[in-house]
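Coordinate analysis (summary)
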Amino acid sequence: MAAARARSEERRAEIVRAALAVIAERGYRGASLGAVAERVGLTQQGLLHYFPTKEALLVAVLEERDQWDTGGGAGGGREGWRPDLLASLVEYNAMRPGIVQTFSALLGESVTEGHPAREFFTRRYAQVRGEMAHLLRAEYGDRLPGGLTPEQAAPLMTAVMDGLQYQWLLDPDAVDMPAAFRDFLRLLGAR
């Protein structure tokens, strides 16, 4: 039983890696279940055994992305991060538009009641706001230069990061996402 479960988890991980590759190559809209299934040697019906919908697979891709972005695992997360490391993450995201597009498209869709990604994003944003508050407290103490507490500034920092992604996706020639985020850090007075 344990061996079968381990094989199933390995297969799920293989499918997620294949989905990441397909999204990177073809973008969010071009990443079909059929293309992912073909990449791992399954039929589309076989893939549905592991992920019942495209949205379920894309949520698994986003969870994997978050694990990579934060170092994953126990004690992972952004708690030990500094603003300059967040700037590096923004630069990294600029090199993988397919993943950013998937994140943004699912985020937009997830605001509707009953969407399969809604719980993921609700949980993720609560976690990210906490991590950002921790990061800001480590950098500034109990008050930022403008007088806000880290808890007040955390949703704003998160909104800037995600808002820049949308603007960059819509007009990458006009919006230099990494430079704009570095400008925001200067505005905050990051050391």
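Residues numbered from 1 in each chain as written. Predicted model: local features only at pLDDT ≥ 70, side-chain atom pairs only at ≥ 80, totals over all residues. Heavy atoms only, no water.

1. Thoughts on helix 7 (residues 118-140)
If you check helix 7, its first and last C-alpha atoms are 32 Å apart, about what 23 residues at 1.5 Å a residue would give, namely 33 Å. Residues Phe120, Phe121, Arg124, Tyr125, Val128, Glu131, Met132, Ala133, Leu135, Leu136, Glu139 and Tyr140 constitute the buried set of helix 7. With its phi angle positive at about 85°, Gly141 sits one or two positions after the end of helix 7. (Helix = DSSP H or I, 4+ residues; strand = E, 2+ residues; numbered from the N terminus. Expected span 1.5 Å × (residues − 1). Buried < 20%, exposed > 50% of the residue type's maximum accessible area, 1.4 Å probe, protein only.)

2. Concerning the environment of Leu106
Looking at where Leu106 falls in the secondary structure, it is placed in helix 6 (residues 97-109). You can call Leu106 buried: its relative accessible area is 0%. Along the chain, Leu106 and Leu185 lie 79 residues apart, while their C-alpha atoms are 27 Å from each other. Excluding its chain neighbours within four sequence positions, the residues that come into contact with Leu106 are Tyr28, Glu55, Leu58, Val59, Leu62, His115, Ala117 and Phe121. (Contact = heavy atoms within 4.5 Å.)

3. Some points on the pattern of salt bridges
Oppositely charged side chains can form a pair if their charged atoms are brought close together. Evaluation of the coordinates by the stated rule reveals ten salt bridges. Arg39 is paired through a salt bridge with Glu25; the nearest N and O atoms lie 2.7 Å apart. With Arg39 in helix 2 (residues 33-39) and Glu25 in helix 1 (residues 2-30), this pair connects stretches of sequence that are 14 residues apart. With relative accessibility at 52%, the residue Glu25 sits in the exposed group. Asp183 is the partner of Arg186 in a salt bridge, and the nearest nitrogen-oxygen pair spans 2.1 Å. Taken together, the positions of Arg186 and Asp183, both in helix 9 (residues 177-188) and three residues apart, correspond to about one turn of that helix. Each of Glu63, Glu119 and Arg123 takes part in a single network of salt bridges with overlapping partners. (Salt bridge = Lys/Arg side-chain N within 4 Å of Asp/Glu carboxyl O.)

4. Quick word on the environment of Glu10
With respect to the element layout, Glu10 can be found in helix 1. What makes Glu10 exposed here is its relative accessible area of 56%. Along the sequence, Glu10 and Gly146 sit 136 residues apart, while their C-alpha atoms lie 48 Å from each other.

5. Description of the packing of aromatic side chains
Applying the stated criterion across every chain, the model contains three aromatic pairs. Where Phe103 meets Phe121, the ring centres are 5.3 Å apart and the plane angle is 75°; that geometry is what we call edge-to-face. With a gap of 18 residues between them, Phe103 in helix 6 and Phe121 in helix 7 connect regions that are remote in the sequence. In this structure Phe103 comes out as buried when scored by relative accessible area, which is 1%. Judged by relative accessible area, Phe121 falls into the buried class, the value being 2%. (Phe/Tyr/Trp six-rings, centres within 6.5 Å; stacked < 30°, edge-to-face > 60°.)

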